[in-house]
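Structure assessment
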Amino acid sequence: MYNLESIEQRLAEQGYRITPSRLAVVEATLEHSGHFSVDDILGRLPGVGRATVFRTMKLLSQMGILCRVLLENGSLRYRVSHRRDHHHHLVCVSCGSVEELDACIAAGAIDNLARSTGYDIEGHWLEFYGRCGPCRSGEA
Ligand SMILES: [Zn+2]
Ligand SMILES: [Zn+2]
Ligand SMILES: [Zn+2]
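Residues numbered from 1 in each chain as written. Chains lettered and ligands numbered in written order. Predicted model: local features only at pLDDT ≥ 70, side-chain atom pairs only at ≥ 80, totals over all residues. Heavy atoms only, no water.

1. Re the pattern of salt bridges
A complete count under the given rule lists four salt bridges for this structure. Between aspartate 102 and arginine 83 there is a salt bridge, with the nearest N and O atoms lying 2.5 Å from each other. Residue aspartate 102 is located in the loop between β4 (98-100) and α5 (107-117), and its partner arginine 83 is located in the loop between β2 (76-80) and β3 (89-92); the two are separated by 19 residues in the primary sequence. For aspartate 102, a relative accessible area of 63% gives the class exposed. (Salt bridge = Lys/Arg side-chain N within 4 Å of Asp/Glu carboxyl O. Helix = DSSP H or I, 4+ residues; strand = E, 2+ residues; numbered from the N terminus. Buried < 20%, exposed > 50% of the residue type's maximum accessible area, 1.4 Å probe, protein only.)

Below is the structure:
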């Protein structure tokens, strides 16, 4: 879906300096099919500093290449995003799989909230936790 060259090109177009460390971080994140933490990436790249890992992952999030997933236990993870725009996740508490939802199902509720409170609402975060189909069918 994403390859190193296309991301490298996008970084360059946006005026970011492509360093070997930064590229190593991009490469390490793309290798993950599931979700991962900053520490997971750090553990795989012993020669790269924490600040570089953190900054690069933040940059990839801003570009929509990575998205952040809040797990049920409150810890924050990253994953390679399948959607570039705003979306929500279904998180299986049993196997840890994550699905991305097609559309923002909160849009109507946010309009109502804005009207009733007078707020100009700029953002929201909503994740869903449960058990996925395969985990449920494994239950006797
Ligand atoms: Zn996502
Ligand atoms: Zn599951
Ligand atoms: Zn939404």
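Now that the structure has been shown, we can carry on.
2. Structural notes on the coordination of the zinc ion (ligand 2)
For the zinc ion (ligand 2), the full set of protein donor atoms is Cys92 (SG), Cys95 (SG), Cys132 (SG) and Cys135 (SG), at a range of 2.2 to 2.3 Å. Bound by four donor atoms, the zinc ion (ligand 2) shows angles of 104 to 116 degrees at the metal and therefore tetrahedral coordination geometry. Read in sequence order, the donor residues coordinating the zinc ion (ligand 2) give the pattern C-x2-C-x36-C-x2-C. Of the two residues, cysteine 95 is situated in the loop between β3 and β4 and cysteine 135 in helix α6 (residues 133-137); the sequence distance between them amounts to 40 residues. (Donors = N, O, S within 2.8 Å, 3.2 Å for Na, K, Ca; no water. Tetrahedral: all angles 85-135°; square planar, octahedral: opposite > 155°, others 65-115°.)

3. Re the packing of helix α1 (residues 4-13) against helix α2 (residues 20-30)
It is the contact of α1 with α2, at a shortest axis distance of 11 Å, that shows an interaxial angle of 135 degrees. Regarding the angle of α1 to α2, the classification is oblique. Considering the relative orientation of α1 and α2, their crossing is right-handed. In contact with Leu4, Ile7 and Glu8 of α1, α2 contributes Leu23, Val26, Glu27 and Leu30. Classifying every residue of the contact of α1 with α2 gives five nonpolar, no polar and two charged. (Axes fitted to C-alpha atoms, helices over the stretch in contact; angles between N-to-C directions. Parallel < 35°, antiparallel > 145°, perpendicular 65-115°, else oblique. Left-handed = near helix turned anticlockwise from the far one by under 90°. Contact = heavy atoms within 4.5 Å. Nonpolar A, V, L, I, M, F, W, Y, C, P; charged D, E, K, R; others polar.)

4. Looking at the coordination of the zinc ion (ligand 3)
Donor atoms from the polypeptide that bind the zinc ion (ligand 3) are His86 (NE2), His88 (NE2), Cys104 (SG) and His124 (NE2), placed at 2.0 to 2.1 Å. Geometry at the zinc ion (ligand 3) is tetrahedral, judged from the four donor atoms that bind it and their angles of 97 to 118 degrees at the metal. As a motif over one chain, the donors of the zinc ion (ligand 3) read H-x1-H-x15-C-x19-H. According to the relative accessible area criterion, histidine 86 is partly exposed, its value standing at 43%. Relative accessible area serves as the criterion here: at 1%, histidine 88 is assigned to the buried category.

5. Some words on the side chain of serine 37
Turning to its location among the elements, serine 37 is positioned in the loop between α2 and α3 (38-44). In this structure, serine 37 is in contact with Met57 and Arg77, ignoring residues within four places of it in sequence.

6. Concerning the sheet that holds β4
Taking strand neighbours across the sheet as the criterion, the three strands line up as β4-β3-β5 in an open arrangement whose pairing is mixed. Sheet topology places β4 and β5 (127-130) at the edges, where each strand pairs with a single neighbour. The average undirected angle you get between the axes of adjacent strands in this sheet is 20 degrees. Taken together, the three bridges between β3 and β4 define a ladder with antiparallel strand orientation. For histidine 89, the partnering residue across the bridge sits in β4 and is glutamate 100. (Pairing = 2+ DSSP bridges.)

7. What to know about α2
Regarding α2, the residues found buried are Arg22, Leu23, Val25, Val26, Ala28 and Thr29. Looking at the buried residues of α2, the elements they touch are α1, α3, α4 (50-62), β1 (66-70) and β2.

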